[in-house]
Amino acid sequence: MKKHNFYAGPSILPEFTIKNTAQSVIDFNGTGLSVMEISHRSKEFVAVMDEAQALFKELLNIPDGYSVVFLGGGASLQFAMVPFNLLNKKAAYLNTGEWATKAIKEARLFGEVNVVASSEDKNFSYIPKNYSIPKDSDYFHITTNNTIYGTEIRTDMDSPVPLVADMSSDIFSRPVDVSKYAIIYGGAQKNLAPAGVTFAIVKHDVLGKVERAIPTMLKYQTHIDKESMFNTPPCLPVYAALQTLKWLKDNGGIPAMEKRNIEKANLLYNEIDRNKLFKGTVAKEDRSLMNICFVMNEEYKHLEEDFQKFAASKGMIGIKGHRSVGGFRASTYNALPKESVLALIETMQEFEKTKA
Ligand SMILES: *Cc1c(COP(=O)(O)O)cnc(C)c1O
């Protein structure tokens, strides 16, 4: 039976990425070697790294004055690397969920952290609005898509201080005005590549302003200067990332992805709103296009496990909600076909017929 992969991360990747990456494990670009056993300094691999950086820039229209670097350590290491490189005295953070909370915890190791607003009062079910960002902050940090709670900031805001964004779970899902950001980072395993590589888009002129000593590996400048080759990069995940970038380009680029993502999300949210059994968990205006969270209405709560099993019997994988929200979460990343969303909707409708 066809599986419909709704996992939140690691998560669905284009078949194009998986097939080409599998092929490169056996024979990398006709070299007779596996991509796992070739030097990262070989001209063949250097070409992969160069092309990945170039396509990353092309697809997101990244202006001059920025570098794209591929690192290890996950988005979680960026929670520390950002303040290590940017925080002199004070930073401002928006608390929209568990990942933001973790980022705040790390920043506090480096200086004063001002949480300008938080949606923790309502279990992170909305994006706070109408807060002010102190102008003496070294930077302002946001999490654009809250993977666990299913809220998303889908506009590029104006910030009076350098804006830093964790875009782990919505990078490449919509066009982004990169010029409004100082740093955009994320783990690749939600919308780009297998786990093991982390990307950071870094504006050169925000660096070099802190007084502390920064260990070489934790310094953005090191990786910018060496074009992500200071040490051995995660070669296989970078190769896979390049395949996804090619797939994005061949499929109409980011505007086309956004159009598809809006269509998929609208279909599913409409069903959640219509179906008697289910309801959404977050403020409608803040609904994420990438992680769609829903629960069963009070009178049907006892059926959650039944629905889980019923959905599994129909090939739905990974729709169990995160433990801090409960219920269900369907992640609808770029690579998830509309067909999978339609199959989930049909499953919800069938279940409704038998229970409501
Ligand atoms: C998954 C996720 C992270 C954590 O990423 P790791 O690569 O596992 O460290 C951080 N932020 C967001 C928004 C995420 O979705």
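Right above here is the structure, for reference.
Throughout what follows, the structure given in this document is the object of discussion. (Residues numbered from 1 in each chain as written. Predicted model: local features only at pLDDT ≥ 70, side-chain atom pairs only at ≥ 80, totals over all residues. Heavy atoms only, no water.)

1. Structural notes on the environment of Ser 42
Using the following cut-off: A run of H or I in DSSP becomes a helix once it reaches four residues, and a run of E becomes a strand once it reaches two; helices and strands are each numbered from the N terminus. For every residue, the accessible area (1.4 Å probe, protein chains only) is compared with the maximum for its type, and the residue is labelled buried under 20%, exposed over 50%, or partly exposed between those bounds. Any pair of nitrogen or oxygen atoms within 3.5 Å is treated as a polar contact; in protein, a donor-acceptor pairing is required on top of that, and neighbouring residues in sequence qualify only through side-chain atoms on both sides.
With respect to the helices, strands and loops of the structure, Ser 42 is situated in the loop between helix 1 (15-26) and helix 2 (43-59). The buried category is assigned to Ser 42, whose relative accessible area is 14%. A distance of 2.7 Å separates a polar side-chain atom of Ser 42 from the backbone oxygen of Ser 39.

2. Focus on the packing of aromatic side chains
Let me state the cut-off plainly: Stacked, edge-to-face and tilted are the three classes for Phe, Tyr and Trp ring pairs, Trp counted by its six-membered ring, which pair at centre distances within 6.5 Å; planes under 30 degrees apart are stacked, over 60 edge-to-face, the rest tilted. The rule for a charge over a ring is simple: NZ of Lys or CZ of Arg within 6 Å of the ring centre, and within 35 degrees of the ring normal.
Per the stated rule, a full pass over the model turns up 17 aromatic pairs. Between Phe 124 and Tyr 149, the aromatic rings sit 5.0 Å apart at their centres with planes inclined by 55°, giving tilted as the arrangement. Residue Phe 124 is located in the loop between strand 4 (112-118) and strand 5 (140-143), and its partner Tyr 149 is located in the loop between strand 6 (145-146) and strand 7 (151-152); the two are separated by 25 residues in the primary sequence. Here Phe 124 matches Tyr 149 in class, with each residue buried. Where Phe 278 meets Phe 307, the ring centres are 4.9 Å apart and the plane angle is 70°; that geometry is what we call edge-to-face. Residue Phe 278 is located in strand 11 (residues 278-280), and its partner Phe 307 is located in helix 8 (residues 304-313); the two are separated by 29 residues in the primary sequence. Grouped by ring-pair contacts, the aromatic residues Phe 278, Phe 294, Phe 307, Phe 310, Phe 328 and Phe 351 constitute a single cluster. Looking at Lys 122, its charged tip hangs above the ring of Tyr 126, at a distance of 5.7 Å from the centre.

3. A word on the sheet that holds strand 10 (residues 198-203)
Here is the rule we go by: In this scheme, strands are said to pair when DSSP sees at least two bridges between them. As a rule, the C-alpha atoms of each element are fitted with a line to give its axis, helices using only the stretch in contact, and angles between N-to-C directions run from 0 to 180 degrees. We call two residues in contact whenever any of their non-hydrogen atoms come within 4.5 Å of each other.
Pairing within the open sheet is mixed, and its seven strands lie in the order 2-10-9-8-5-3-4. Across the chains shown, the open sheet's two edge strands, defined by having one partner strand only, are strand 2 (66-71) and strand 4. Across this sheet, the average inter-strand angle for adjacent strands is 20°, counted without regard to direction. Strand direction decides the pairing type here: strand 3 (residues 90-95) and strand 5, joined by two bridges, are parallel. Residue pairing across strands places Tyr 93 opposite His 141, the latter belonging to strand 5. Sheet strands touched by helix 3 (residues 74-86): strand 2, strand 3, strand 8 (163-166), strand 9 (183-187) and strand 10. Its angle to strand 9, the strand with the most contacts, is close to 155°. Each of strand 3, strand 4, strand 5 and strand 8 is contacted by helix 4 (residues 98-107), which is oriented at about 165° to strand 3, the strand it contacts most.

4. Details of the nonpolar core
The tendency in soluble globular proteins is for nonpolar side chains to be buried side by side. Rule in force here: Here, nonpolar core means buried Ala, Val, Leu, Ile, Met, Phe, Trp, Tyr and Cys residues that are tied together by side-chain atoms lying within 4.5 Å of each other.
Counting 52 residues, the largest nonpolar core has Phe 56, Phe 140 and Phe 172 as its most contacted members. With eight residues, the top contributor of residues to this core is helix 6 (residues 235-250). Apart from residues no more than four positions distant in its own chain, Phe 140 is found in contact with Ala 92, Tyr 93, Leu 94, Val 116, Tyr 131, Ile 133, Met 157, Ser 159, Val 161, Pro 162, Leu 163 and Val 164. Judged by nonpolar contacts, the second largest core, of 31 residues, contains Ile 292, Phe 294, Met 316 and Ala 330.

5. What to know about the side chain of Thr 144
Mapped onto the secondary structure, Thr 144 falls in the loop between strand 5 and strand 6. Setting aside anything within four residues of it in sequence, one finds Thr 144 in contact with Thr 151, Glu 152, Ile 153, Ala 165, Asp 166, Met 167 and Asp 170.

6. Topic: the site of the ligand
Basically, it comes down to this: Nearness here has a simple test: a residue counts as near a molecule or strand if at least one of its heavy atoms is within 4 Å of that partner. Residue exposure ignores everything except the shown protein chains as possible cover, and the areas themselves are Shrake-Rupley values with a 1.4 Å probe. Space inside and on the surface of the protein is sampled on a 1 Å grid over the protein atoms alone, with a cavity defined as a set of points where a 1.4 Å probe fits but cannot get out and a pocket as an open set with protein on both sides within 12 Å along at least 5 of 7 lines; lining residues have an atom within 4 Å of a point. Those molecules having more than half of their atoms within 2 Å of a cavity or pocket grid point set are described as sitting in that cavity or pocket.
Residues in close proximity to the ligand total 13 residues, the closest being Ser 76, Thr 147, Asp 166, Gln 189 and Lys 190. Within the side chain of Thr 147, a nitrogen or oxygen atom sits 2.4 Å from an oxygen atom of the ligand. In isolation the ligand offers 390 Å² of accessible surface; the protein chains occlude 88% of this area. Put simply, the ligand lies in the largest pocket. It is helix 3 that provides the largest number of residues to the shell around the ligand, a total of four residues.

7. A look at the layout of surface pockets
Rolled over the atoms, a probe sized like a water molecule indicates the empty space that remains. Rule in force here: Grid points are joined across faces, edges and corners, and a volume is the space filled by probe spheres set on the points. For this classification, Asp, Glu, Lys and Arg are treated as charged, while Ala, Val, Leu, Ile, Met, Phe, Trp, Tyr, Cys and Pro are nonpolar and the rest, including Gly, are polar. Boundary definitions for the domains trace back to an automatic or database domain assignment.
Size it by volume and the largest pocket reaches roughly 320 Å³. Lining the largest pocket are 23 residues, and of these Ala 8, Gly 9, Trp 99, Thr 147 and Lys 190 lie nearest its centre. Per-class residue counts for the lining of the largest pocket are seven nonpolar, 12 polar and four charged. When residues of the lining of the largest pocket are assigned to domains, at least three fall in each of domain 1 (4-11 + 252-355) and domain 2 (15-250). Of the volumes computed, that of the second largest pocket is approximately 210 Å³. Considering the residues around the second largest pocket, the lining is formed by 13 residues, among which Ile 127, Lys 129, Ile 153, Thr 155 and Asp 286 are closest to the centre. Across the lining of the second largest pocket, the residue classes tally to five nonpolar, one polar and seven charged. Split by domain, the residues of the lining of the second largest pocket number at least three in each of domain 1 (4-11 + 252-355) and domain 2 (15-250).

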